[in-house]
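# Coordinate inspection notes
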Amino acid sequence: MVRALLVLLLCLTGWASADVYQWQDAAGKAHFSDRPYPAEEQAKKLDIKPGYDFFGVKTVYDGDTVVLEDGRKIRLLGINTPEIQHRDKLADAGGDDAKRWLQNKLQNSRVRLELSTEKNDKYGRTLAHLFTDKKEHINLQLVAVGLAAVSIYPQNLLYVTELVQAEEKAEKARLGIWQQPQYQPIPVANLTEAGHSGWTRIVGKVVNVKTTRKSVYLEFSGTSSFQARIEQEWLELFPDINEYRGKTVEVRGWLNKNKDKLSMLIRHPSAIKIR
């Protein structure tokens, strides 16, 4: 991903706090983080300007996607809800619950959008945090009631701290998806060649950290067919990667298959839990 100079395309931040920092390395390349990095005196906190436009919601497509009355399709940033039924694919556990919750919450409400560093995804949807005219942060509330998992895609780092804290509380209380059998952690030794469809949680002991030019790989005991991958581009968001060595960790995300290996791309440290 090419790191252009950051321009935050935001409509309003008036009633919730979130910080994004920018700094430059010796080569003049721009970097972004949700905390001062590498040192407070070098990182510049970006000034986010508010605006006050509200819109009606025409359709709730699923738990994390809505269509506004002006025709824009909005994908909620920082979260992922289970899939609803579409075409020949059955709904994931919790998918219909998330959609119903969102329909009820947005009924008779108007919403404003808060955009981050990427305005649209590859499907042309507008990426946003959604706030109602009642000052409710919808992305955050979906996580807080256990109907969504945190899913951070750098450079979109707004509200990371709030989202992660809400997820930890919901998971501890076993709300929503956190009580569903389909979302319980899978020991890495139990992974089959077919892998696992959808968002999932894998647990195992990290026995090796392998570094390449583009990525860092966490390798697990008891298997040579699964790795967790972190792109070098986002390594600065993580603690010292070697701290995972020798620890039992849980990684969260989607499994990909390449030849005879399964891998999971870890985009943000919130997707790795030390157990």
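Read on for a plain summary of the structure. (Residues numbered from 1 in each chain as written. Predicted model: local features only at pLDDT ≥ 70, side-chain atom pairs only at ≥ 80, totals over all residues. Heavy atoms only, no water.)

### Re the overall build of the protein
Where we set the bar: Under the DSSP-based scheme used, a helix requires at least four consecutive residues in state H or I and a strand at least two consecutive residues in state E, with every element numbered from the N terminus. Summary of the burial criterion: residues with accessible area below 20% of their type's maximum are buried, those above 50% are exposed, and those between are partly exposed, where the area comes from a 1.4 Å probe applied to protein chains only. Here, residues are in contact when the closest pair of their heavy atoms is within 4.5 Å. Each accessible area is a Shrake-Rupley estimate made with a 1.4 Å probe; only the visible protein chains count as cover when residues are assessed.
From N to C terminus, the protein includes 3 helices and 17 strands. A buried classification covers 49% of the 275 residues belonging to the protein. Put simply, of all contacts in the protein between residues at least 6 apart along the chain, 61% involve residues at least 24 apart. Surface exposure of the protein reaches about 14,100 Å², of which carbon and sulfur atoms provide 47%.

### Some thoughts on helix α3 (residues 160–172)
Note the threshold: Any helix carries an expected span of 1.5 Å times its number of residues minus one. Directions are taken from the helix axis to each C-beta atom, and the arc is the one they span.
Taking 1.5 Å of rise per residue, 13 residues should cover 18 Å, and α3 covers 18 Å from first to last C-alpha, within 8% of that figure. Within α3, the full set of buried residues consists of V160, L163, V164, A166, E167 and A170. Viewed along the axis of α3, the buried residues span an arc of 165°, placing them on a single side of the element. Exposed residues on α3 whose side chains face more than 90 degrees from its buried face are K169 and K172. The positive-phi residue at the C-terminal boundary of α3 is R174, with phi of around 55°.

### Side note on the side chain of T65
Residue placement: T65 occurs in strand β5 (residues 65–68). Beyond its immediate stretch of four places on either side in the chain, T65 contacts V60, K73, I74, R75 and R125.

### Some words on the packing of aromatic side chains
For clarity, the cut-off: The rule is short: rings of Phe, Tyr and Trp, with Trp giving its six-membered ring, pair when the centres are within 6.5 Å, and they are stacked under 30 degrees, edge-to-face over 60, tilted in between.
Going through the model one piece at a time under the given rule, you end up with 4 aromatic pairs. Where W178 meets W199, the ring centres are 6.1 Å apart and the plane angle is 75°; that geometry is what we call edge-to-face. Residue W178 is located in the loop between α3 and β11 (186–187), and its partner W199 is located in strand β12 (residues 199–211); the two are separated by 21 residues in the primary sequence. Take W178 and W199: they sit in the same class, and that class is buried. Aromatic side chains F220 and F226 sit 5.3 Å apart centroid to centroid with 40° between the ring planes, which places their arrangement in the tilted category. In this pair, the class of F220 matches that of F226, namely buried.

### Describing the sheet that holds strand β9 (residues 126–132)
Keep this limit in mind: A pair of strands is considered paired only if DSSP assigns at least 2 bridges between the two. Helix axes use the C-alpha atoms of the stretch in contact, all axes being lines fitted to C-alpha atoms, and the angles between their N-to-C directions lie in the range 0 to 180 degrees.
Spatial strand order, β4-β5-β6-β9-β8: 5 strands in a closed barrel with mixed pairing. This sheet shows a mean twist of 55° between the axes of neighbouring strands, independent of strand direction. Where strand β4 (residues 55–62) and strand β8 (residues 110–114) come together, 2 bridges link them in antiparallel fashion. If you follow G56 over to β8, its bridge partner there is R110. Across the sheet, helix α1 (residues 95–106) is in contact with β4, β5, β8 and β9; its angle to β4 comes to roughly 170°.

### As for the pairing of β9
Across the 7 residues that make up β9, a large majority, 7, are buried. The alternating pattern of β9 places T126, A128, L130 and T132 and L127, H129 and F131 on opposite faces, both of which are buried. Here β8 pairs with β9 via 4 bridges, running antiparallel. Its bridge partner lying in β9, E114 is registered against H129.

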